[in-house]
Amino acid sequence: MIGLISATAAGAAARDRLAAAWPDRTRVYEGPVVDAVRRAFGECEQLVCFLATGAVVRLVAPLLSDKASDPGVVCVDEGGRFAVSLVGGHGGGANELARAVGGLLGAEPVVTTATDAVGVPGLDTLGLPVEGDVAGVSRALLDGEPVALELESGWPLPALPANVGRGVPGSGPTIRVTDRLTDGPGAGEVVLRPPSLVVGVGASKGAPLDEVLGLVQEALADAGLSPASVAALATVDAKATEPGIVGAAGRLGVPVVTYSADELAGVEVPNPSDAPLAAVGTPSVAEAAALVGGGELLVPKRKSERADGAPAMATCAVVRRPGRGRLAVVGLGPGARDLLTPRAEAELRRASVVVGLDQYVDQIRDLLRPGTRILESGLGAEEERARTAVAEARKGQAVALIGSGDAGVYAMASPALAEASDDIDVIGVPGVTAALAAGAILGAPLGHDHVSISLSDLHTPWPVIERRVRAAAEADIVVTFYNPRSRGRDWQLPKALAVLGEHREPTTPVGVVRNASRPDESSRVTTLADLDPATVDMMTVVTVGNTATRNIAGRMVTPRGYRWQEAKR
(Lines give C-alpha, C1' and ligand atoms only; values in the text may rest on other atoms or scores of the structure.)
Protein backbone atom coordinates (compact mmCIF):
# COMPACT_ATOMS: atom_id res chain seq x y z
CA MET A 1 0.00 0.00 0.00
CA ILE A 2 1.17 3.54 -0.82
CA GLY A 3 0.40 6.21 1.78
CA LEU A 4 -0.44 9.69 0.44
CA ILE A 5 0.09 12.77 2.61
CA SER A 6 -0.43 16.46 1.82
CA ALA A 7 -0.67 19.71 3.76
CA THR A 8 -2.12 22.26 1.32
CA ALA A 9 -4.89 22.52 -1.24
CA ALA A 10 -2.39 22.36 -4.11
CA GLY A 11 -0.79 19.25 -2.65
CA ALA A 12 -4.20 17.70 -2.02
CA ALA A 13 -5.19 18.21 -5.66
CA ALA A 14 -2.14 16.30 -6.88
CA ARG A 15 -2.65 13.72 -4.14
CA ASP A 16 -6.23 13.12 -5.24
CA ARG A 17 -5.14 12.66 -8.88
CA LEU A 18 -2.77 9.93 -7.76
CA ALA A 19 -5.41 8.33 -5.56
CA ALA A 20 -7.87 8.28 -8.45
CA ALA A 21 -5.30 6.69 -10.76
CA TRP A 22 -4.30 4.00 -8.23
CA PRO A 23 -7.44 3.38 -6.15
CA ASP A 24 -6.39 -0.12 -5.09
CA ARG A 25 -2.79 0.79 -4.30
CA THR A 26 -3.12 4.01 -2.31
CA ARG A 27 -4.50 5.24 0.97
CA VAL A 28 -4.98 8.92 1.81
CA TYR A 29 -3.89 9.96 5.31
CA GLU A 30 -5.73 12.99 6.68
CA GLY A 31 -5.13 15.06 9.78
CA PRO A 32 -2.01 16.77 11.13
CA VAL A 33 0.96 16.02 8.86
CA VAL A 34 3.20 14.78 11.68
CA ASP A 35 0.64 12.18 12.74
CA ALA A 36 -0.23 11.26 9.15
CA VAL A 37 3.40 10.56 8.24
CA ARG A 38 3.95 8.51 11.39
CA ARG A 39 0.87 6.38 10.75
CA ALA A 40 1.63 5.88 7.06
CA PHE A 41 5.26 5.02 7.78
CA GLY A 42 4.18 2.21 10.07
CA GLU A 43 1.36 0.90 7.88
CA CYS A 44 2.52 1.26 4.26
CA GLU A 45 5.27 -0.13 2.04
CA GLN A 46 5.74 3.27 0.36
CA LEU A 47 4.86 6.92 0.95
CA VAL A 48 4.29 9.85 -1.39
CA CYS A 49 4.47 13.17 0.47
CA PHE A 50 3.26 16.33 -1.29
CA LEU A 51 5.52 18.54 0.80
CA ALA A 52 8.88 20.30 0.68
CA THR A 53 11.84 17.93 0.84
CA GLY A 54 13.18 19.61 3.96
CA ALA A 55 9.89 19.08 5.76
CA VAL A 56 9.77 15.42 4.73
CA VAL A 57 13.35 14.85 5.85
CA ARG A 58 12.56 16.18 9.31
CA LEU A 59 9.34 14.18 9.52
CA VAL A 60 10.76 10.79 8.53
CA ALA A 61 14.24 11.06 10.09
CA PRO A 62 13.12 9.94 13.58
CA LEU A 63 11.27 6.99 12.03
CA LEU A 64 14.13 5.50 10.02
CA SER A 65 15.63 2.25 11.28
CA ASP A 66 16.94 -0.05 8.49
CA LYS A 67 17.19 0.50 4.73
CA ALA A 68 16.17 -3.12 4.20
CA SER A 69 12.81 -2.64 5.93
CA ASP A 70 12.00 1.09 5.84
CA PRO A 71 9.32 2.10 3.32
CA GLY A 72 10.34 3.96 0.20
CA VAL A 73 9.55 7.67 0.37
CA VAL A 74 8.90 9.95 -2.59
CA CYS A 75 8.50 13.70 -2.19
CA VAL A 76 6.48 15.76 -4.71
CA ASP A 77 6.71 19.55 -4.59
CA GLU A 78 3.46 21.44 -4.34
CA GLY A 79 3.81 22.71 -7.91
CA GLY A 80 3.89 19.12 -9.13
CA ARG A 81 7.13 19.71 -11.05
CA PHE A 82 9.37 17.08 -9.46
CA ALA A 83 8.98 13.62 -7.91
CA VAL A 84 12.03 13.07 -5.72
CA SER A 85 13.13 9.61 -4.60
CA LEU A 86 14.08 10.54 -1.04
CA VAL A 87 14.46 7.32 0.97
CA GLY A 88 14.63 3.65 -0.01
CA GLY A 89 15.51 4.13 -3.67
CA HIS A 90 16.23 0.46 -4.28
CA GLY A 91 15.07 -1.58 -1.29
CA GLY A 92 11.93 0.49 -0.80
CA GLY A 93 11.23 0.89 -4.50
CA ALA A 94 11.26 4.68 -4.29
CA ASN A 95 13.21 5.11 -7.54
CA GLU A 96 10.63 3.25 -9.59
CA LEU A 97 7.81 4.89 -7.65
CA ALA A 98 9.23 8.34 -8.45
CA ARG A 99 9.26 7.46 -12.14
CA ALA A 100 5.70 6.13 -11.99
CA VAL A 101 4.41 9.15 -10.06
CA GLY A 102 6.20 11.46 -12.46
CA GLY A 103 4.58 9.74 -15.41
CA LEU A 104 1.09 10.14 -13.94
CA LEU A 105 1.46 13.72 -12.75
CA GLY A 106 3.69 15.04 -15.50
CA ALA A 107 6.49 15.62 -12.98
CA GLU A 108 10.20 15.10 -13.56
CA PRO A 109 11.46 12.09 -11.57
CA VAL A 110 14.58 12.89 -9.57
CA VAL A 111 16.74 9.86 -8.75
CA THR A 112 20.10 10.44 -7.10
CA THR A 113 21.11 6.86 -6.24
CA ALA A 114 24.70 6.60 -7.50
CA THR A 115 24.20 3.49 -9.62
CA ASP A 116 21.03 4.83 -11.22
CA ALA A 117 22.60 8.22 -11.89
CA VAL A 118 25.35 6.72 -14.08
CA GLY A 119 23.32 3.83 -15.51
CA VAL A 120 25.06 1.05 -13.58
CA PRO A 121 22.61 -1.62 -12.39
CA GLY A 122 22.04 -1.63 -8.65
CA LEU A 123 22.86 -5.08 -7.30
CA ASP A 124 19.59 -5.02 -5.38
CA THR A 125 17.61 -4.27 -8.55
CA LEU A 126 18.58 -7.35 -10.58
CA GLY A 127 15.47 -9.26 -9.56
CA LEU A 128 17.28 -11.72 -7.27
CA PRO A 129 17.57 -11.75 -3.46
CA VAL A 130 20.91 -10.23 -2.53
CA GLU A 131 23.14 -10.62 0.53
CA GLY A 132 26.46 -9.17 1.57
CA ASP A 133 28.48 -6.04 0.95
CA VAL A 134 26.17 -4.36 -1.56
CA ALA A 135 27.60 -0.90 -0.90
CA GLY A 136 31.23 -2.03 -1.23
CA VAL A 137 30.77 -3.99 -4.44
CA SER A 138 28.57 -1.24 -5.91
CA ARG A 139 31.37 1.21 -5.20
CA ALA A 140 33.78 -1.04 -7.08
CA LEU A 141 31.36 -1.17 -10.01
CA LEU A 142 31.10 2.62 -10.05
CA ASP A 143 34.87 3.08 -9.80
CA GLY A 144 35.55 0.68 -12.66
CA GLU A 145 37.47 -1.80 -10.52
CA PRO A 146 37.66 -5.42 -11.71
CA VAL A 147 34.78 -7.35 -10.14
CA ALA A 148 34.77 -11.14 -10.30
CA LEU A 149 31.57 -12.96 -11.25
CA GLU A 150 31.22 -16.50 -9.88
CA LEU A 151 28.32 -18.39 -11.44
CA GLU A 152 27.93 -21.43 -9.23
CA SER A 153 24.31 -21.59 -10.35
CA GLY A 154 23.68 -20.45 -13.89
CA TRP A 155 20.82 -17.99 -14.27
CA PRO A 156 20.02 -15.39 -16.93
CA LEU A 157 21.23 -12.08 -15.50
CA PRO A 158 20.67 -8.55 -16.79
CA ALA A 159 23.61 -6.80 -18.41
CA LEU A 160 26.49 -6.02 -16.09
CA PRO A 161 29.19 -3.38 -16.66
CA ALA A 162 32.31 -4.26 -18.62
CA ASN A 163 34.45 -4.38 -15.46
CA VAL A 164 32.51 -7.42 -14.18
CA GLY A 165 34.20 -10.73 -14.89
CA ARG A 166 37.74 -9.45 -15.16
CA GLY A 167 38.80 -10.20 -11.62
CA VAL A 168 40.21 -13.42 -10.19
CA PRO A 169 37.72 -15.02 -7.76
CA GLY A 170 38.74 -14.36 -4.18
CA SER A 171 41.20 -11.60 -5.03
CA GLY A 172 38.87 -8.63 -4.93
CA PRO A 173 35.25 -7.54 -5.12
CA THR A 174 33.13 -10.54 -6.08
CA ILE A 175 29.57 -11.27 -7.15
CA ARG A 176 28.54 -14.87 -6.49
CA VAL A 177 25.41 -16.40 -7.95
CA THR A 178 24.58 -19.49 -5.91
CA ASP A 179 21.73 -21.32 -4.21
CA ARG A 180 24.07 -22.81 -1.61
CA LEU A 181 24.37 -21.61 1.96
CA THR A 182 27.50 -19.63 2.70
CA ASP A 183 29.29 -18.81 5.92
CA GLY A 184 28.26 -15.25 5.30
CA PRO A 185 29.49 -12.92 2.58
CA GLY A 186 32.55 -11.04 3.71
CA ALA A 187 33.71 -7.55 2.85
CA GLY A 188 33.75 -7.02 -0.87
CA GLU A 189 31.45 -9.96 -1.62
CA VAL A 190 27.82 -10.05 -2.73
CA VAL A 191 25.73 -13.20 -3.08
CA LEU A 192 22.79 -13.30 -5.49
CA ARG A 193 20.22 -16.04 -4.92
CA PRO A 194 18.64 -17.41 -8.12
CA PRO A 195 15.17 -19.03 -7.83
CA SER A 196 16.63 -22.41 -8.76
CA LEU A 197 15.10 -24.71 -6.12
CA VAL A 198 11.70 -26.39 -6.18
CA VAL A 199 10.52 -28.13 -3.03
CA GLY A 200 7.99 -30.90 -3.54
CA VAL A 201 5.69 -31.37 -0.54
CA GLY A 202 3.20 -34.03 0.46
CA ALA A 203 1.02 -33.77 3.53
CA SER A 204 -1.69 -35.69 5.29
CA LYS A 205 -4.98 -33.91 5.88
CA GLY A 206 -4.57 -31.48 8.75
CA ALA A 207 -0.76 -31.58 8.80
CA PRO A 208 0.35 -28.70 11.07
CA LEU A 209 2.04 -25.72 9.45
CA ASP A 210 5.01 -26.01 11.83
CA GLU A 211 5.54 -29.63 10.84
CA VAL A 212 5.51 -28.88 7.11
CA LEU A 213 7.63 -25.73 7.41
CA GLY A 214 10.07 -27.35 9.82
CA LEU A 215 10.58 -30.30 7.47
CA VAL A 216 11.29 -28.02 4.51
CA GLN A 217 13.70 -25.85 6.47
CA GLU A 218 15.58 -28.86 7.85
CA ALA A 219 15.84 -30.47 4.42
CA LEU A 220 17.31 -27.30 2.96
CA ALA A 221 19.71 -26.75 5.85
CA ASP A 222 20.97 -30.35 5.84
CA ALA A 223 21.66 -30.07 2.10
CA GLY A 224 23.41 -26.72 2.50
CA LEU A 225 20.82 -24.89 0.41
CA SER A 226 19.47 -21.35 0.86
CA PRO A 227 15.74 -20.81 1.47
CA ALA A 228 16.12 -17.58 -0.52
CA SER A 229 16.55 -19.67 -3.69
CA VAL A 230 13.28 -21.58 -3.29
CA ALA A 231 11.04 -20.70 -6.23
CA ALA A 232 7.92 -22.65 -5.23
CA LEU A 233 6.40 -25.41 -3.16
CA ALA A 234 4.97 -28.06 -5.48
CA THR A 235 2.32 -30.64 -4.66
CA VAL A 236 -0.64 -32.59 -6.03
CA ASP A 237 -3.74 -30.54 -6.84
CA ALA A 238 -5.75 -32.41 -4.20
CA LYS A 239 -3.56 -30.63 -1.62
CA ALA A 240 -3.80 -27.17 -3.18
CA THR A 241 -5.63 -25.72 -0.17
CA GLU A 242 -4.05 -27.82 2.58
CA PRO A 243 -3.45 -25.24 5.35
CA GLY A 244 -0.05 -26.59 6.36
CA ILE A 245 1.29 -26.39 2.81
CA VAL A 246 -0.28 -23.03 2.04
CA GLY A 247 0.97 -21.62 5.33
CA ALA A 248 4.51 -22.90 4.79
CA ALA A 249 4.59 -21.33 1.34
CA GLY A 250 3.40 -18.07 2.82
CA ARG A 251 6.16 -18.11 5.44
CA LEU A 252 8.74 -18.76 2.72
CA GLY A 253 7.23 -16.11 0.46
CA VAL A 254 6.73 -18.45 -2.51
CA PRO A 255 3.70 -19.72 -4.48
CA VAL A 256 2.14 -23.18 -4.26
CA VAL A 257 2.30 -24.94 -7.65
CA THR A 258 0.03 -27.95 -8.15
CA TYR A 259 -0.19 -30.82 -10.64
CA SER A 260 -2.82 -33.46 -11.28
CA ALA A 261 -2.32 -36.97 -9.95
CA ASP A 262 -2.05 -38.23 -13.53
CA GLU A 263 0.77 -35.79 -14.29
CA LEU A 264 2.68 -36.85 -11.18
CA ALA A 265 2.10 -40.56 -11.84
CA GLY A 266 3.92 -40.12 -15.15
CA VAL A 267 7.11 -38.81 -13.49
CA GLU A 268 9.79 -41.40 -12.76
CA VAL A 269 10.97 -41.18 -9.14
CA PRO A 270 13.45 -43.16 -7.02
CA ASN A 271 11.13 -43.66 -4.04
CA PRO A 272 7.53 -44.48 -5.04
CA SER A 273 5.09 -45.52 -2.36
CA ASP A 274 1.71 -47.22 -2.08
CA ALA A 275 0.46 -44.72 0.53
CA PRO A 276 0.10 -41.68 -1.75
CA LEU A 277 -1.16 -43.94 -4.53
CA ALA A 278 -4.04 -44.99 -2.33
CA ALA A 279 -4.65 -41.50 -0.94
CA VAL A 280 -4.42 -39.24 -4.01
CA GLY A 281 -3.85 -41.53 -7.00
CA THR A 282 -0.10 -41.20 -7.61
CA PRO A 283 2.80 -43.26 -6.21
CA SER A 284 4.76 -40.09 -5.48
CA VAL A 285 3.84 -36.55 -4.50
CA ALA A 286 6.92 -34.84 -3.06
CA GLU A 287 9.54 -36.20 -5.47
CA ALA A 288 7.29 -36.21 -8.52
CA ALA A 289 6.01 -32.66 -7.94
CA ALA A 290 9.55 -31.37 -7.51
CA LEU A 291 10.77 -33.20 -10.63
CA VAL A 292 8.06 -32.03 -13.02
CA GLY A 293 9.97 -30.18 -15.70
CA GLY A 294 13.22 -31.94 -14.92
CA GLY A 295 16.16 -31.05 -12.73
CA GLU A 296 18.62 -32.57 -10.28
CA LEU A 297 17.18 -34.30 -7.21
CA LEU A 298 19.27 -32.87 -4.38
CA VAL A 299 17.16 -34.12 -1.48
CA PRO A 300 15.25 -37.39 -2.02
CA LYS A 301 11.95 -37.85 -0.24
CA ARG A 302 12.22 -37.44 3.49
CA LYS A 303 9.56 -37.55 6.18
CA SER A 304 8.93 -35.27 9.07
CA GLU A 305 9.66 -36.47 12.60
CA ARG A 306 7.18 -35.88 15.39
CA ALA A 307 8.23 -35.48 18.99
CA ASP A 308 5.43 -37.75 20.23
CA GLY A 309 6.51 -40.58 17.93
CA ALA A 310 3.27 -40.42 15.95
CA PRO A 311 3.36 -41.16 12.19
CA ALA A 312 4.81 -38.43 9.98
CA MET A 313 2.25 -36.14 8.38
CA ALA A 314 4.54 -34.47 5.82
CA THR A 315 7.12 -35.39 3.18
CA CYS A 316 9.36 -33.23 1.05
CA ALA A 317 12.00 -33.43 -1.68
CA VAL A 318 14.22 -30.74 -3.20
CA VAL A 319 15.17 -30.37 -6.86
CA ARG A 320 17.51 -27.88 -8.50
CA ARG A 321 15.99 -26.91 -11.79
CA PRO A 322 18.47 -26.01 -14.53
CA GLY A 323 19.04 -22.38 -15.35
CA ARG A 324 17.11 -21.64 -18.54
CA GLY A 325 17.76 -18.92 -21.01
CA ARG A 326 15.13 -16.22 -21.32
CA LEU A 327 13.83 -14.79 -24.58
CA ALA A 328 11.60 -11.73 -24.38
CA VAL A 329 9.99 -10.85 -27.72
CA VAL A 330 9.35 -7.14 -27.30
CA GLY A 331 7.04 -4.88 -29.30
CA LEU A 332 8.34 -1.30 -29.33
CA GLY A 333 5.13 0.28 -30.57
CA PRO A 334 4.82 2.57 -33.59
CA GLY A 335 7.82 4.74 -32.75
CA ALA A 336 6.90 7.42 -30.21
CA ARG A 337 8.63 6.94 -26.87
CA ASP A 338 5.45 7.57 -24.90
CA LEU A 339 3.80 4.65 -26.73
CA LEU A 340 6.52 2.26 -25.57
CA THR A 341 4.95 0.31 -22.69
CA PRO A 342 6.49 0.19 -19.21
CA ARG A 343 6.69 -3.59 -19.53
CA ALA A 344 8.72 -3.25 -22.70
CA GLU A 345 11.09 -0.82 -20.98
CA ALA A 346 11.51 -3.23 -18.07
CA GLU A 347 12.37 -6.11 -20.42
CA LEU A 348 14.94 -3.98 -22.23
CA ARG A 349 16.62 -3.16 -18.92
CA ARG A 350 16.50 -6.81 -17.87
CA ALA A 351 18.21 -8.08 -21.03
CA SER A 352 21.91 -8.82 -21.33
CA VAL A 353 21.59 -9.26 -25.10
CA VAL A 354 19.39 -7.23 -27.47
CA VAL A 355 18.74 -8.46 -31.01
CA GLY A 356 16.98 -6.32 -33.58
CA LEU A 357 16.83 -4.32 -36.77
CA ASP A 358 19.40 -1.52 -36.61
CA GLN A 359 16.84 1.29 -36.93
CA TYR A 360 14.77 -0.16 -34.08
CA VAL A 361 17.84 -0.53 -31.87
CA ASP A 362 18.55 3.16 -32.41
CA GLN A 363 15.10 3.99 -30.97
CA ILE A 364 15.82 2.39 -27.60
CA ARG A 365 19.61 2.39 -27.29
CA ASP A 366 19.49 4.92 -24.47
CA LEU A 367 17.26 2.61 -22.38
CA LEU A 368 19.75 -0.27 -22.28
CA ARG A 369 21.98 -0.97 -19.32
CA PRO A 370 25.73 -0.43 -19.74
CA GLY A 371 27.27 -3.71 -20.83
CA THR A 372 24.29 -4.82 -22.91
CA ARG A 373 25.48 -6.74 -25.97
CA ILE A 374 23.71 -5.47 -29.09
CA LEU A 375 23.33 -7.70 -32.13
CA GLU A 376 21.81 -5.58 -34.89
CA SER A 377 21.31 -6.16 -38.60
CA GLY A 378 19.65 -4.55 -41.59
CA LEU A 379 16.40 -5.03 -43.45
CA GLY A 380 15.45 -8.46 -44.72
CA ALA A 381 17.18 -10.56 -42.06
CA GLU A 382 14.18 -11.51 -39.90
CA GLU A 383 14.85 -15.25 -39.83
CA GLU A 384 18.52 -14.69 -39.09
CA ARG A 385 17.68 -12.38 -36.19
CA ALA A 386 15.20 -14.93 -34.83
CA ARG A 387 17.78 -17.72 -35.01
CA THR A 388 20.39 -15.51 -33.35
CA ALA A 389 18.08 -14.55 -30.49
CA VAL A 390 17.08 -18.16 -29.80
CA ALA A 391 20.71 -19.31 -29.95
CA GLU A 392 21.75 -16.66 -27.40
CA ALA A 393 18.89 -17.66 -25.09
CA ARG A 394 20.00 -21.30 -25.31
CA LYS A 395 23.38 -20.16 -23.98
CA GLY A 396 21.58 -19.11 -20.80
CA GLN A 397 21.39 -15.40 -21.62
CA ALA A 398 18.55 -12.97 -20.97
CA VAL A 399 17.67 -11.88 -24.50
CA ALA A 400 15.32 -9.20 -25.84
CA LEU A 401 14.32 -9.61 -29.49
CA ILE A 402 12.79 -6.33 -30.57
CA GLY A 403 10.41 -5.31 -33.32
CA SER A 404 8.10 -2.43 -34.11
CA GLY A 405 4.44 -2.33 -33.18
CA ASP A 406 3.37 -5.56 -31.52
CA ALA A 407 5.88 -8.39 -31.70
CA GLY A 408 3.17 -10.83 -32.74
CA VAL A 409 1.77 -8.77 -35.64
CA TYR A 410 3.90 -8.96 -38.81
CA ALA A 411 6.94 -8.89 -36.55
CA MET A 412 9.46 -11.11 -34.80
CA ALA A 413 7.34 -13.36 -32.58
CA SER A 414 6.40 -15.80 -35.35
CA PRO A 415 9.91 -16.53 -36.68
CA ALA A 416 11.30 -16.64 -33.15
CA LEU A 417 8.74 -19.11 -31.84
CA ALA A 418 9.19 -21.22 -34.96
CA GLU A 419 12.85 -21.59 -33.95
CA ALA A 420 12.38 -21.93 -30.19
CA SER A 421 11.73 -25.20 -28.40
CA ASP A 422 10.78 -25.85 -24.79
CA ASP A 423 14.38 -25.57 -23.55
CA ILE A 424 14.10 -21.79 -23.04
CA ASP A 425 11.57 -19.49 -21.40
CA VAL A 426 9.75 -17.23 -23.87
CA ILE A 427 7.96 -14.07 -22.79
CA GLY A 428 5.79 -12.02 -25.13
CA VAL A 429 5.59 -8.27 -24.53
CA PRO A 430 2.71 -6.63 -26.42
CA GLY A 431 3.03 -3.29 -28.14
CA VAL A 432 0.81 -0.69 -29.79
CA THR A 433 0.35 -1.74 -33.41
CA ALA A 434 0.61 0.51 -36.47
CA ALA A 435 -3.08 -0.17 -37.17
CA LEU A 436 -4.07 1.02 -33.70
CA ALA A 437 -1.81 4.07 -33.86
CA ALA A 438 -3.18 4.99 -37.29
CA GLY A 439 -6.74 4.34 -36.17
CA ALA A 440 -6.37 6.74 -33.26
CA ILE A 441 -5.08 9.43 -35.62
CA LEU A 442 -7.86 8.90 -38.16
CA GLY A 443 -10.68 8.84 -35.58
CA ALA A 444 -12.50 5.55 -35.00
CA PRO A 445 -12.25 3.51 -38.20
CA LEU A 446 -11.89 0.24 -36.28
CA GLY A 447 -15.07 0.68 -34.26
CA HIS A 448 -16.50 -2.60 -35.54
CA ASP A 449 -15.11 -5.79 -37.07
CA HIS A 450 -11.81 -5.22 -38.85
CA VAL A 451 -8.93 -7.13 -40.36
CA SER A 452 -5.26 -6.44 -41.13
CA ILE A 453 -3.77 -7.72 -44.39
CA SER A 454 -0.18 -7.38 -45.55
CA LEU A 455 0.16 -6.72 -49.28
CA SER A 456 3.77 -7.93 -49.36
CA ASP A 457 4.02 -11.03 -51.51
CA LEU A 458 7.64 -11.71 -50.55
CA HIS A 459 6.54 -14.48 -48.18
CA THR A 460 2.90 -15.00 -49.18
CA PRO A 461 1.83 -15.74 -52.78
CA TRP A 462 -0.34 -13.01 -54.30
CA PRO A 463 -3.28 -15.35 -55.04
CA VAL A 464 -3.51 -16.08 -51.31
CA ILE A 465 -3.43 -12.38 -50.47
CA GLU A 466 -6.04 -11.57 -53.09
CA ARG A 467 -8.33 -14.30 -51.76
CA ARG A 468 -8.12 -12.79 -48.30
CA VAL A 469 -8.83 -9.28 -49.59
CA ARG A 470 -11.83 -10.58 -51.51
CA ALA A 471 -13.15 -12.37 -48.43
CA ALA A 472 -12.91 -9.17 -46.39
CA ALA A 473 -14.61 -7.24 -49.17
CA GLU A 474 -17.49 -9.69 -49.43
CA ALA A 475 -17.87 -9.78 -45.63
CA ASP A 476 -17.99 -5.94 -45.44
CA ILE A 477 -15.12 -5.76 -42.94
CA VAL A 478 -12.90 -2.71 -42.40
CA VAL A 479 -9.45 -3.45 -43.83
CA THR A 480 -6.07 -2.10 -42.77
CA PHE A 481 -3.30 -2.69 -45.30
CA TYR A 482 0.25 -3.16 -44.04
CA ASN A 483 3.24 -3.02 -46.43
CA PRO A 484 0.97 -1.47 -49.06
CA ARG A 485 3.48 -0.33 -51.69
CA SER A 486 7.22 -0.26 -52.33
CA ARG A 487 9.39 0.63 -55.31
CA GLY A 488 9.42 -2.98 -56.44
CA ARG A 489 5.76 -3.68 -55.60
CA ASP A 490 3.63 -0.95 -57.10
CA TRP A 491 0.63 -2.84 -58.50
CA GLN A 492 -0.62 -4.76 -55.44
CA LEU A 493 -2.35 -1.83 -53.72
CA PRO A 494 -4.33 -0.74 -56.82
CA LYS A 495 -5.38 -4.34 -57.32
CA ALA A 496 -6.51 -4.73 -53.69
CA LEU A 497 -8.44 -1.44 -53.85
CA ALA A 498 -10.13 -2.61 -57.03
CA VAL A 499 -11.26 -5.81 -55.31
CA LEU A 500 -12.73 -3.79 -52.45
CA GLY A 501 -14.35 -1.45 -54.98
CA GLU A 502 -16.39 -4.33 -56.32
CA HIS A 503 -18.32 -4.35 -53.04
CA ARG A 504 -18.07 -0.75 -51.75
CA GLU A 505 -19.10 2.66 -53.04
CA PRO A 506 -16.45 4.99 -54.50
CA THR A 507 -17.22 7.38 -51.65
CA THR A 508 -16.14 4.86 -48.99
CA PRO A 509 -13.77 6.67 -46.58
CA VAL A 510 -10.11 5.68 -46.72
CA GLY A 511 -7.53 6.75 -44.15
CA VAL A 512 -3.85 7.14 -45.02
CA VAL A 513 -1.31 7.56 -42.22
CA ARG A 514 2.44 7.76 -42.73
CA ASN A 515 4.94 7.38 -39.87
CA ALA A 516 2.23 7.22 -37.24
CA SER A 517 3.30 8.79 -33.90
CA ARG A 518 6.69 9.92 -35.24
CA PRO A 519 7.86 13.53 -35.67
CA ASP A 520 7.18 13.50 -39.44
CA GLU A 521 3.73 11.95 -39.07
CA SER A 522 1.19 12.81 -41.76
CA SER A 523 -2.40 11.70 -42.29
CA ARG A 524 -5.42 12.35 -44.44
CA VAL A 525 -8.91 11.00 -45.01
CA THR A 526 -9.89 10.50 -48.63
CA THR A 527 -12.17 8.11 -50.52
CA LEU A 528 -11.81 4.86 -52.36
CA ALA A 529 -12.19 6.69 -55.67
CA ASP A 530 -9.81 9.54 -54.88
CA LEU A 531 -6.91 7.66 -53.25
CA ASP A 532 -3.78 7.87 -55.39
CA PRO A 533 -1.69 4.75 -54.71
CA ALA A 534 1.43 6.59 -55.85
CA THR A 535 1.29 8.67 -52.63
CA VAL A 536 1.64 5.54 -50.49
CA ASP A 537 4.87 3.83 -49.43
CA MET A 538 6.12 1.19 -46.95
CA MET A 539 5.95 3.65 -44.06
CA THR A 540 2.22 4.09 -44.66
CA VAL A 541 -0.83 2.32 -43.25
CA VAL A 542 -3.99 2.40 -45.38
CA THR A 543 -7.38 1.80 -43.72
CA VAL A 544 -10.44 1.26 -45.91
CA GLY A 545 -13.82 1.60 -44.22
CA ASN A 546 -16.82 -0.69 -44.63
CA THR A 547 -20.21 0.32 -46.02
CA ALA A 548 -21.18 1.89 -42.69
CA THR A 549 -18.01 3.97 -42.22
CA ARG A 550 -18.54 7.72 -42.44
CA ASN A 551 -16.42 10.84 -42.67
CA ILE A 552 -17.63 12.97 -39.77
CA ALA A 553 -15.89 16.32 -39.33
CA GLY A 554 -12.85 15.01 -41.15
CA ARG A 555 -12.61 11.85 -39.07
CA MET A 556 -13.26 8.25 -40.07
CA VAL A 557 -15.97 6.71 -37.91
CA THR A 558 -17.22 3.13 -38.15
CA PRO A 559 -20.40 2.71 -36.03
CA ARG A 560 -20.37 -0.05 -33.48
CA GLY A 561 -23.63 -1.22 -35.04
CA TYR A 562 -25.37 -2.54 -31.92
CA ARG A 563 -29.13 -2.86 -31.99
CA TRP A 564 -29.61 -0.31 -29.24
CA GLN A 565 -28.06 2.28 -31.55
CA GLU A 566 -30.66 1.53 -34.18
CA ALA A 567 -33.43 1.87 -31.59
CA LYS A 568 -31.93 5.16 -30.42
CA ARG A 569 -32.11 6.57 -33.90
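To keep things clear, this report deals only with the structure shown in the data block. The model shown is predicted, which means the values in this text are computed figures rather than measured ones.

How each quantity is defined
Residues numbered from 1 in each chain as written. Predicted model: local features only at pLDDT ≥ 70, side-chain atom pairs only at ≥ 80, totals over all residues. Heavy atoms only, no water. Axes fitted to C-alpha atoms, helices over the stretch in contact; angles between N-to-C directions. Helix = DSSP H or I, 4+ residues; strand = E, 2+ residues; numbered from the N terminus. Parallel < 35°, antiparallel > 145°, perpendicular 65-115°, else oblique. Contact = heavy atoms within 4.5 Å. Nonpolar A, V, L, I, M, F, W, Y, C, P; charged D, E, K, R; others polar. Core = buried A, V, L, I, M, F, W, Y, C linked by side-chain atoms within 4.5 Å. Buried < 20%, exposed > 50% of the residue type's maximum accessible area, 1.4 Å probe, protein only.

### Remarks on the packing of helix α1 (residues 9-21) against helix α4 (residues 94-105)
At a minimum axis distance of 10 Å, the contact between α1 and α4 shows a crossing angle of 105°. One element, α1, and the other, α4, form an angle in the roughly perpendicular class. Contacts between α1 and α4 involve Ala14, Arg17, Leu18 and Ala21 from the former and Val101, Leu104 and Leu105 from the latter. The class makeup of the residues in the contact of α1 with α4 is 6 nonpolar, no polar and 1 charged.

### A few points about the nonpolar core
Val199, Val201, Val212, Val216, Leu220, Leu233 and Val318 are the most contacted members of the largest nonpolar core, which totals 24 residues. Within the residue set of this core, elements represented by two or more residues are β11 (197-203), α7 (209-222), β12 (230-236), α8 (243-252) and β15 (314-320). If you tally residues by element for this core, the top one is α7, at 6 residues. Beyond its immediate chain neighbours, meaning those up to four positions away, valine 318 contacts Leu197, Val198, Val199, Leu220, Leu225, Glu296, Leu297, Leu298 and Val299. In this structure, Leu455, Phe481, Leu497 and Leu500 belong to the second largest nonpolar core, which totals 21 residues.

### Side note on the side chain of threonine 282
Structurally, threonine 282 can be placed in the loop between α10 (274-280) and α11 (286-291). Take threonine 282: its relative accessible area is 0%, and that puts it in the buried class. Here threonine 282 is in contact with Ala261, Leu264, Ala265, Pro276 and Leu277, once residues within four sequence places are set aside.

The analysis is restricted to geometry; functional conclusions fall outside its scope.
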